[in-house]
There are 4 protein chains.
Amino acid sequence: MDEFDGLKEECGLFGIWGHPEASELTYIAMHSLQHRGQQGAGIVSSSGDYLFGARGMGLLTEALSKEQLDSLKPFPHAIGHTRYASSGGSELSNVQPFLFKSHKGDLALAHNGNLVNAMNLRRALEDQGAIFQTTSDSEVLAHLLRRERGGGEESFEGRKKRIKKVLKQVKGAFAFMIMHQDSLTVALDDHGVRPLMLGKKDGSYCVASETCAFTAIGAEYIRDIEAGEMITITDEGIDFDHYTDTTSPHMCSMEYIYFARADSEFRRTSTYRIRKELGRSLAEEMQGIDADIVIGVPDSSLAAAHGFSEASGIKQEQGLLKNRYVGRTFITPGQEARERAVRMKLSPVRDIVEGRRVIVIDDSIVRGTTSRFIVKALKKAGAKEVHMGVSSPPLKNPCYYGIDVSTHAEIIASTKSPEEIRDEIGADSLTYLSVDKMHDVYHSFGSKGQCDACFTGNYPIDIEEAILPQEKDLKQKGV
Amino acid sequence: MDEFDGLKEECGLFGIWGHPEASELTYIAMHSLQHRGQQGAGIVSSSGDYLFGARGMGLLTEALSKEQLDSLKPFPHAIGHTRYASSGGSELSNVQPFLFKSHKGDLALAHNGNLVNAMNLRRALEDQGAIFQTTSDSEVLAHLLRRERGGGEESFEGRKKRIKKVLKQVKGAFAFMIMHQDSLTVALDDHGVRPLMLGKKDGSYCVASETCAFTAIGAEYIRDIEAGEMITITDEGIDFDHYTDTTSPHMCSMEYIYFARADSEFRRTSTYRIRKELGRSLAEEMQGIDADIVIGVPDSSLAAAHGFSEASGIKQEQGLLKNRYVGRTFITPGQEARERAVRMKLSPVRDIVEGRRVIVIDDSIVRGTTSRFIVKALKKAGAKEVHMGVSSPPLKNPCYYGIDVSTHAEIIASTKSPEEIRDEIGADSLTYLSVDKMHDVYHSFGSKGQCDACFTGNYPIDIEEAILPQEKDLKQKGV
Amino acid sequence: MDEFDGLKEECGLFGIWGHPEASELTYIAMHSLQHRGQQGAGIVSSSGDYLFGARGMGLLTEALSKEQLDSLKPFPHAIGHTRYASSGGSELSNVQPFLFKSHKGDLALAHNGNLVNAMNLRRALEDQGAIFQTTSDSEVLAHLLRRERGGGEESFEGRKKRIKKVLKQVKGAFAFMIMHQDSLTVALDDHGVRPLMLGKKDGSYCVASETCAFTAIGAEYIRDIEAGEMITITDEGIDFDHYTDTTSPHMCSMEYIYFARADSEFRRTSTYRIRKELGRSLAEEMQGIDADIVIGVPDSSLAAAHGFSEASGIKQEQGLLKNRYVGRTFITPGQEARERAVRMKLSPVRDIVEGRRVIVIDDSIVRGTTSRFIVKALKKAGAKEVHMGVSSPPLKNPCYYGIDVSTHAEIIASTKSPEEIRDEIGADSLTYLSVDKMHDVYHSFGSKGQCDACFTGNYPIDIEEAILPQEKDLKQKGV
Amino acid sequence: MDEFDGLKEECGLFGIWGHPEASELTYIAMHSLQHRGQQGAGIVSSSGDYLFGARGMGLLTEALSKEQLDSLKPFPHAIGHTRYASSGGSELSNVQPFLFKSHKGDLALAHNGNLVNAMNLRRALEDQGAIFQTTSDSEVLAHLLRRERGGGEESFEGRKKRIKKVLKQVKGAFAFMIMHQDSLTVALDDHGVRPLMLGKKDGSYCVASETCAFTAIGAEYIRDIEAGEMITITDEGIDFDHYTDTTSPHMCSMEYIYFARADSEFRRTSTYRIRKELGRSLAEEMQGIDADIVIGVPDSSLAAAHGFSEASGIKQEQGLLKNRYVGRTFITPGQEARERAVRMKLSPVRDIVEGRRVIVIDDSIVRGTTSRFIVKALKKAGAKEVHMGVSSPPLKNPCYYGIDVSTHAEIIASTKSPEEIRDEIGADSLTYLSVDKMHDVYHSFGSKGQCDACFTGNYPIDIEEAILPQEKDLKQKGV
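Residues numbered from 1 in each chain as written. Chains lettered and ligands numbered in written order. Predicted model: local features only at pLDDT ≥ 70, side-chain atom pairs only at ≥ 80, totals over all residues. Heavy atoms only, no water.

*Asks:* Would you mind going over the overall build of chain A with me for this structure?
*Replies:* When helices and strands are counted, chain A shows 18 helices and 26 strands. In chain A, which comprises 479 residues, the proportion classed as buried is 63%. Within chain A, contacts between residues separated by at least 24 positions form 70% of all contacts whose residues are at least 6 apart in sequence. Here chain A has roughly 16,100 Å² of accessible surface; of this, 47% comes from carbon and sulfur atoms. (Helix = DSSP H or I, 4+ residues; strand = E, 2+ residues; numbered from the N terminus. Buried < 20%, exposed > 50% of the residue type's maximum accessible area, 1.4 Å probe, protein only. Contact = heavy atoms within 4.5 Å. Areas by Shrake-Rupley, 256 points an atom, 1.4 Å probe, with all protein chains shown as cover.)

*Asks:* Help me out: how do you make sense of unusual backbone geometry in this one?
*Replies:* Keep in mind that most residues, glycine aside, have a negative phi and that most peptide bonds are trans. Omega for the bond connecting Gln96 of chain B with Pro97 of chain B falls within 30 degrees of zero, at -5 degrees, which places this linkage in the cis form. Cis geometry is adopted by the peptide bond preceding Asp299 of chain C, which originates at Pro298 of chain C and carries an omega value of -10 degrees. Within the chain, Arg268 of chain A stands out as a residue other than glycine whose phi angle is a positive 70 degrees. For Arg268 of chain A, the location among the structural elements is in the loop between β16 (265-266) and β17 (269-270).

*Asks:* Could you clarify how one ought to interpret the sheet that holds strand β9 (residues 183-188) of chain B in this entry?
*Replies:* Note: strands within a sheet are paired through backbone hydrogen bonds, in either parallel or antiparallel orientation. Residues and elements named next belong to chain B. Ordered in space as β6-β7-β8-β9-β13-β14, the six strands form an open sheet in which the pairing is antiparallel. Every other strand in the sheet has two partners, leaving β6 (98-100) and β14 (237-242) as the edge strands with one partner each. Taking each pair of neighbouring strands and ignoring which way they run, the sheet shows an average axis angle of 15 degrees. In this structure, β6 lies alongside strand β7 (residues 107-115), joined through three bridges in antiparallel fashion. By the bridge assignment, Phe98 is partnered in β7 with Leu109. Its contacts with the sheet place helix α5 (residues 138-147) against β6, β7 and β8 (172-180), and it is angled at close to 130 degrees to β7. (Pairing = 2+ DSSP bridges. Axes fitted to C-alpha atoms, helices over the stretch in contact; angles between N-to-C directions.)

*Asks:* Help me understand the packing of helix α5 (residues 138-147) of chain A against helix α6 (residues 156-169) of chain A, please; the structure alone is not making it clear to me.
*Replies:* When two helices pack together, their arrangement is given by the angle between their axes and by how far apart the axes lie. Residue and element names in this part refer to chain A. For the pair α5 and α6, the least separation of the axes is 9 Å and the interaxial angle reads 135 degrees. Classed by the angle they form, the pair α5 and α6 counts as oblique. Regarding α5 and α6, the two cross each other, and that crossing is right-handed. Of the residues in α6, those in contact with Leu141, Leu144 and Leu145 of α5 are Ile163, Val166, Leu167 and Gln169. Counted by class, the contact of α5 with α6 contains six nonpolar, one polar and no charged residues. (Parallel < 35°, antiparallel > 145°, perpendicular 65-115°, else oblique. Left-handed = near helix turned anticlockwise from the far one by under 90°. Nonpolar A, V, L, I, M, F, W, Y, C, P; charged D, E, K, R; others polar.)

*Asks:* Would you take a moment to explain the interface of chain D and chain C for this structure?
*Replies:* How large an interface is tends to be reported as the accessible area lost when its parts come together. Each partner contributes to the interface: chain D provides 28 residues, whereas chain C provides 29 residues. Taken together, both faces of the contact between chain D and chain C bury some 2,700 Å²; the carbon and sulfur share is 54%. Counting across the interface, chain D meets chain C through zero salt bridges. For the pair chain D and chain C, the interface holds six residue pairs in polar contact (both at pLDDT 80 or more). Mapped onto the side of chain D that touches chain C, the elements with two or more residues apiece are β4 (51-57), α4 (118-127) and α5 (138-147) of chain D. Taken together, the residues that form the side of chain D that touches chain C break down as eight nonpolar, eight polar and 12 charged. (Buried area = accessible area lost by both parts, 1.4 Å probe. Salt bridge = Lys/Arg side-chain N within 4 Å of Asp/Glu carboxyl O. Polar contact = N/O pair within 3.5 Å; in protein donor to acceptor, adjacent residues only side chain to side chain.)

*Asks:* What's the story with α5 of chain A in this structure? I'm lost.
*Replies:* Owing to its 3.6 residues per turn, the α-helix aligns residues three or four sequence positions apart on the same side. With 10 of 10 residues buried, α5 of chain A lies mostly within the body of the structure. Listed as buried for α5 of chain A are Ser138, Glu139, Val140, Leu141, Ala142, His143, Leu144, Leu145, Arg146 and Arg147 of chain A. Buried residues belonging to α5 of chain A abut β6 (98-100), β7 (107-115), α4 (118-127), α6 and β8 (172-180) of chain A together with α5 of chain B.

*Asks:* Explanation requested: the interface of chain A and chain D in the structure shown.
*Replies:* Residue-level contacts link 63 residues of chain A with 63 residues of chain D. Counting the surface lost from both chain A and chain D, the interface buries some 5,300 Å², and carbon and sulfur atoms represent 52% of this. A salt bridge links Glu317 of chain A to Lys276 of chain D; the nearest nitrogen and oxygen atoms lie 2.6 Å apart. Inspection of the chain A/chain D interface yields 22 residue pairs in polar contact (both at pLDDT 80 or more). Broken down by element, the side of chain A that touches chain D gets its largest block of residues, six residues, from helix α1 (residues 22-32) of chain A.

*Asks:* It is not clear to me how the relation of the copies chain A and chain D should be interpreted in this structure. Could you clarify?
*Replies:* The pair of chain copies shares a relation made of a rotation about an axis and a shift along it. Overlaying chain A on chain D yields an RMSD of 0.1 Å, the required transformation being a rotation through 180 degrees with an accompanying axial translation of 0.1 Å. The operation mapping one copy onto its partner corresponds to a two-fold rotation axis. Using C-alpha coordinates, one finds that chain A approaches the rotation axis most closely at Arg324 of chain A, a distance of 3.7 Å. A share of 100% of the interface residues of chain A reappears at the interface of chain D, consistent with the copies meeting face to face through the same patch. (Least-squares fit on C-alpha atoms with pLDDT ≥ 70 in both.)

*Asks:* Can you walk me through the pairing of strand β18 (residues 293-296) of chain A in this structure?
*Replies:* Note on strand geometry: in a regular strand, side chains alternate between the two faces of the sheet. All names here are of chain A. Burial of the side chains of β18 extends over both faces: Ile293 and Ile295 are buried on one face and Val294 and Gly296 on the other. Judged from the two bridges that link them, β18 and strand β19 (residues 315-316) form a sheet pairing that is parallel. Of the residues in β19, the one forming a bridge with Val294 is Gln316. The pairing of β18 with strand β22 (residues 357-362) spans four bridges and is classified as parallel. Counted as the bridge partner of Ile293 is Val358 from β22.

*Asks:* In this structure, what is going on with the relation of the copies chain D and chain C? I would like to understand it.
*Replies:* Between chain D and chain C, which share one sequence, the superposing operator has a rotation angle of 179 degrees and an axial displacement of 0.1 Å; the RMSD is 0.0 Å. The fraction of interface residues of chain D whose copies in chain C are also interface residues reaches 100%, indicating that both copies meet through the same surface.

*Asks:* Explain the packing of aromatic side chains here, please?
*Replies:* The description of an aromatic ring pair uses the distance of the two centres, along with the angle that the planes make with each other. Within the structure shown, the criterion is met by 37 aromatic pairs over all chains. With a centroid separation of 5.1 Å and 40 degrees between ring planes, the pair formed by Phe174 of chain A and Phe176 of chain A is classed as tilted. Classification of Phe174 of chain A by relative accessible area gives buried; the value is 1%. Phe176 of chain A sits in the buried class, given a relative accessible area of 0%. For the ring pair Tyr258 of chain C and Phe259 of chain C, a centre distance of 5.3 Å and an interplane angle of 65 degrees mean the geometry is edge-to-face. Phe259 of chain C matches Tyr258 of chain C in its accessibility class, with the two residues each being buried. Taken together through their ring pairs, the aromatic side chains of Phe174, Phe176 and Tyr243 of chain A make up a single cluster. Above the face of the Phe52 of chain A ring, Lys101 of chain A is positioned so that its terminal group lies 5.4 Å from the ring centre. (Phe/Tyr/Trp six-rings, centres within 6.5 Å; stacked < 30°, edge-to-face > 60°. Lys NZ or Arg CZ within 6 Å of the ring centre and 35° of its normal.)

*Asks:* How should the UniProt feature "binding site: Mg(2+)" (unreviewed entry) in chain A be read in this particular structure?
*Replies:* Residues and elements named next belong to chain A. Within the UniProt annotation, "binding site: Mg(2+)" (unreviewed entry) is assigned to Ser300, Asp362 and Asp363. Spanning 64 residues, the named residues nonetheless gather at one spot, since no C-alpha pair among them exceeds 8.1 Å. Relative to the elements of secondary structure, Ser300 occurs in the loop between β18 and α10 (302-312). A polar atom in the side chain of Ser300 sits 2.6 Å from the side chain of Asp363. As for its position among the elements, Asp363 is in the loop between β22 and α13 (369-380). (UniProt positions renumbered as here; feature names shortened; annotations may be inferred.)

*Asks:* What exactly am I supposed to notice about the UniProt feature "active site" (unreviewed entry) in chain A here?
*Replies:* Residue and element names in this part refer to chain A. Under the UniProt annotation, the feature "active site" (unreviewed entry) is placed at Cys11. For Cys11, the location among the structural elements is in strand β2 (residues 11-17). For Cys11, the contacting residues outside a window of four places in its chain are Arg36, His81, Thr82, His111, Asn112 and Ser209.

*Asks:* Can you help me understand the side chain of Arg275 of chain C in this one?
*Replies:* Residues and elements named next belong to chain C. Position of Arg275 among the secondary structure elements: in helix α9 (residues 271-285). Asp363 provides the closest opposite charge to the buried, unpaired Arg275, separated from it by 6.1 Å. Of note is the side chain of Arg275, whose polar atom sits 2.6 Å from the backbone oxygen of Tyr256. Those residues in contact with Arg275 that lie beyond four places of it in its chain are Glu255, Tyr256, Ile257, Tyr258, Phe259, Ala260, Arg261, Ala262, Ser300, Ala303 and Ala304. (Lys, Arg positive; Asp, Glu negative; His and termini not counted.)

*Asks:* Can you walk me through α6 of chain A in this structure?
*Replies:* All names here are of chain A. If you check α6, its first and last C-alpha atoms are 21 Å apart, about what 14 residues at 1.5 Å a residue would give, namely 20 Å. For α6, the set of buried residues is Gly158, Arg159, Lys160, Arg162, Ile163, Val166 and Leu167. Looking at the packing, one finds that the buried side of α6 touches α5, β8, β9 (183-188), β13 (229-234) and β14 (237-242). (Expected span 1.5 Å × (residues − 1).)

*Asks:* Looking at this model, I keep getting lost on the environment of Ile178 of chain B. Mind explaining?
*Replies:* Residue and element names in this part refer to chain B. Looking at where Ile178 falls in the secondary structure, it is placed in strand β8. When its relative accessible area of 1% is taken as the criterion, Ile178 is described as buried. For the pair Ile178 and His111, spaced 67 residues apart in sequence, the C-alpha separation works out to 8.7 Å. Excluding anything up to four places from it in sequence, Ile178 contacts Leu107, Ala108, Leu109, Leu141, Leu145, Ile163, Ser183, Leu184 and Thr185.

What follows is the structure in structure tokens.
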């Protein structure tokens, strides 16, 4: 899948406690998580007494200046966040981590995921006089935390109790980092939809959305954080706990298929290996198709194509190349324009595909724009046949748990059958991986349960409250 | 006084209701109020249903882009704010108007002045769970408004009652503009410290910190808004009311002396005329001094020098010129550097001052840096004698009502006698206007009472709560 | 005259030889010459062996960064240039000083004025194979200098001979600074149209377009450089010479009337005094007009109004104020728009003008836009009568000697009589100073001859070669 | 090879004559040539009567604004240039195409390569009075063209004769585009060092450094332009000619090995296929090494690794991943810093390499920094053995023909033997492809002769005149 018409992950998280280079390591780690959010980035550091923040719009290297980073250098604790902002809400005030100052102590917050009952909680809080300054559902958590009372306010146990109470109120998919001046608390929702990893660097604990962040800073990967788990790191050490015992693991399938970097590991297995295996399984479903070469759509589908090639015995070739220079180009819209935009990103290698029967492996199809271009371009370059293989099931439903995939209307498989899609993209054949085979692969790598709602419509967390119209209405109002 | 070492007014306000060019007129009006705040500017417009905002750092022309302005054009109601940000708080999130969105309706807020009990109110609100995102005392009002209940929530009278109740809770100097989607409420504190004017443009009511804004947009100047007054403008018309009847008018003297533009009028008198009169009064106090010419420090003291000249019969000349090109220059700090900076702004006209006994009129002396330079420069240019006349009393005390004059330590007259100051600036004589003569002038132009705390230390509004240390501490914490 | 519809001076020059702070002093001096060019600025410094340059677009403070300035600090010799760029040629490559590197030695060049035979010289040079990279007539001089041979190439006398030979080839108005690594040569054309001053700072010679630059850096003003003079400064000292003996002094009248800063001196007289005197003379011509107050158009006409007031006995008041915050504003063009733009810059002081008969003094009228607005605004503010007095003769003709005044078509007095202009601007009367009276004033202050071509059409330097159509054609071609 | 410590190609060229979308196609084509120069870009268009240009610093998308592109849209002829600027010369004035305006007609020039006799030609021209404004050797050609006389000046044949005469004077590697208002002439040096391709789009001829530009705009690839060839395109058609008949084809080997995009073709063969074949040949040389997997360094060495895998039967895996988000990062220099920078770009996939004997294929080694990191990272990730295979011979010598590879000192193989390099990078073995095997591969794909000077030191074009010290000296002088 090409990001041109693909899905957008909402966020990447990293945090580290008690390291002399905390903010610099956070910066490097965030760089490795850049694929999880390119429209804003921020870091909040703790001096032990107060929190200090810096954030900006754009890629990490644009969002934070050297001066900003330098100002955070003295502090031994830091959390960072990279963010994908939906078009309506691309304002600096929405960039995380959020930082709230108060005479009662500072609070910072970073979130990956989506709260399905955020709107209702927000309305209730507003009715009590709360003022919201962002459109982010994450701000709701801050208000809940501030309003929570009791439990022995100032004690460690008191704070933990209050956080647990609040986490039980929010529903949805969330990996949260909650930073007070003297502690970092991370928590994963009871379905464990979004990934969160625990690591250690020079004796200091760190957390990250993906293990590639650990590789980037040279940290040790300890283990995956589990659904319902809540971990608190302080100068005294690490406290493992759960805010709930009623859990039902449903990790996002798309993390395996597309989002996570190929070198990131889940349960000690790289997504590269998982993707290869998905490709192997797809090869079984496409046994009947004769072809000379198999081509992966760069970069995310190369692994699946590799697995396909190994399983099928059909030679893999780099028949499609990706231009690594991107950025906003000023092409006249209109006739040919959209096609030109894709052509500037992907090119066939003529003398590889000419006269050949080609199988193209893509990890998923969202709108179909890229697939249509690829088939056309390969045929123009001389391919005799182009068979499309997709290493995941037909993507049919929107996600309410933190992935930006627009409306049903834009998802081609929500209204069209595989045969209709094949016809529209002009391929000689189109084969999807079945849902069962997909799950077989995940289980073979130790998965405790995967969310497949975008394929099946079986939403593990009730989405009734995530009534889109309401949210949409609010966005129209300029919130 | 030169802004180089002078006082800083905190803000300029403008609002207009029900005009097809509301945002454009607001933009023009703000341009004319630019002298009241150069470090940030914003506009919030109402469509009648929702509020929409735009704001940025710097001068108006930098702060708001054409795209931002265009986006506000369709809306018939607008308020604007120009802001001077104290060094610690120069962040976009502090730029006003503040805009708060809620399912209960939108709210925008702009403020000129300073609330002396803001810190205490903020602490109390935080104890109740409120989250603050700015360091501005103005945000406190928003929280109070949101929390206020009763009075028949949705009715016009209900809203008015709630606003009144809140205004009674805040203490200090304030000119507030409170915008809901369907109304604009403006209010002045019970001492009327900061100015607020009512005008009319093409049948639509408008308000502004100074009448020069009315001149800029071609609006009619109706009258000065009074202490304790609260005016609400809706599509149905204008509602005149008072949130309190216990008032004690104490308008800021410095507005007359220095801040307001010379063409701005208070009670139908331009500050130009008032300043001339202050200069005339000063002439009486300096009758004994023989001189050949009188020179005003450009631009703000030209009027006082003019009055002085008329009263004394001593010819006024433009013996000092101001370089109108300013901006950050890159001069090596250190020896001579500070003096160079002033020399780049003010130059004597040699052949005017050479061989002459000169009286220089300045409207006030804060640190004394500029005065010292002026005396030295005039003498170097050949002046035989340089007598300094100040058209206001010795400025000795900080302001807690919305003017940024740093600590006592930086105010030369807080620790030094006029004779010591004369010695330090090197003048042949130094004469201040007396407090009584100053008030005589104001009364002669219909003033109902002026604050003179910066001269006398008689603070009309209790400043005990405005305990600076507390605020300072918070700033250190990075709030 | 307001710069809004006024004339534009092309350039400001400053140079200093052999001072440890050469580049910094140049920067400060250029700041004081900013009124002579706001669209680009540059400095070239000499280490004694090589030349090094920095330049940029915009005001000085924008054009040169701290890094650029710092890079020039080590060098003891510097020249600087501020530039007004005509709309067609606003490209960085046109910003001066020009710097040419060669294995034969470096060369830098800065120019104020305009060469009337530049086009012909350029064509001739191009026919010989020369390549031009700018549209500036100044580049012609560089080519001529490079091509000149003989005179004992490497000797001081040889170089002087070559420069003289080249200066004799160029016709027009010029103040040139020519910098080699080991010398600074300055020259003024044989009519001395543009000003050039000699000064001394801490024992080092310096030159500047105006003496205000000397004031800004604390330098001593030695004398005015004369028509036809050529001065060479080296480490050995200063060499006074003339490149021609056939001179005919015709200094630009507009320097006195409008361009030069009021504190700048010519033959030891400030333009402030000259402008006052022009105002006094105008008063004689307007004796028949009864009025209550006289108002100068700020800032440039305040001196003339002052002189008028002294001579006529009519009281001067600041009845018009100028908003000192300028910059590009985003006002919708169309109806009212142009008027709005002026209204944002100039405001009447109502309670000064109301009910009064007013004389307004302006130093000149170019298009008439500003005058029309002033009359209208004063009348709207209540003035009973508005009489316009212009302290110079009717400006009728374009300048070919370095001042940007567009075509005949845009100069109101080129096609309209004073009575027609009066009618168009709506004044009750309009009086210009006569050409003779103007010259009388100049002669009384020691002028040796002034160019009055813009008033009389008597061009002292033949303008036949400055055939505008040719130049225009070239501009169309994108040169 | 990673660009982090690699070679830099100097330029990319594209030109098209007589197409209604000339500038837009040029823009798209340049985007596909971005890998040939990232520090500046420009386009010059011809209206048929005049030339118009736009250029800027940075990547294409930063260098040219939408406004600039729009201004060039009306014109049917265009040439574009992407440029890599060596550190000393990163100034806008060095960005090509150069545009020279003259009353004799306009001239634009774009160049890929390096003229070895540029310094001598420049000195000679300067002695004749020529003024240079850039440090580029390309400007020399412009001067020569302007000075050339005779041949029937204004005729088509006359111009061709003059261009031929000039091309014979310059020595070195060059692909030139010379644009007059009515013609586009392209020429390749007599050794054909740099590539230049001829194509056709919608009936209009176009030229490009690589065929990937044709793919990007949907143009047909006609043929490779030959050494000594000179082609002139006008509205009348295309004229094929040679400026010299003494040719000796020596195309740059590095274009095949590293520079050209994998989908670009030479003599109808993609570099992807050539690189695979280089990898196959390398496999023969490494037959003795037992390994479990072979890994290509992404992206440029994946093809060679693929060939290696096919020939050796050792399975290829994506054991190294590249972070596609790049840009200037703010990492503290010093201990660990350089390593961190590489670690942010390349990551091993742990569960692929763990416990395995790995062969890593890189296309070349310049400084060795990246190789050292790769070996270390793979071993840290658990690789049992790491054998390094390089699909080209040891790179030992600098290039004088347009590739930026710094001094001998920085090229590891210029002073160290393969065994010493192996030791320094920490690999278990290190194998280079032999020069002969490399040439065998090229010949098998129809090469007429390749330059191998960087491997062998046999410079096909005499480099005596390209005396680096001279040039260096000039740079020190600030040229």
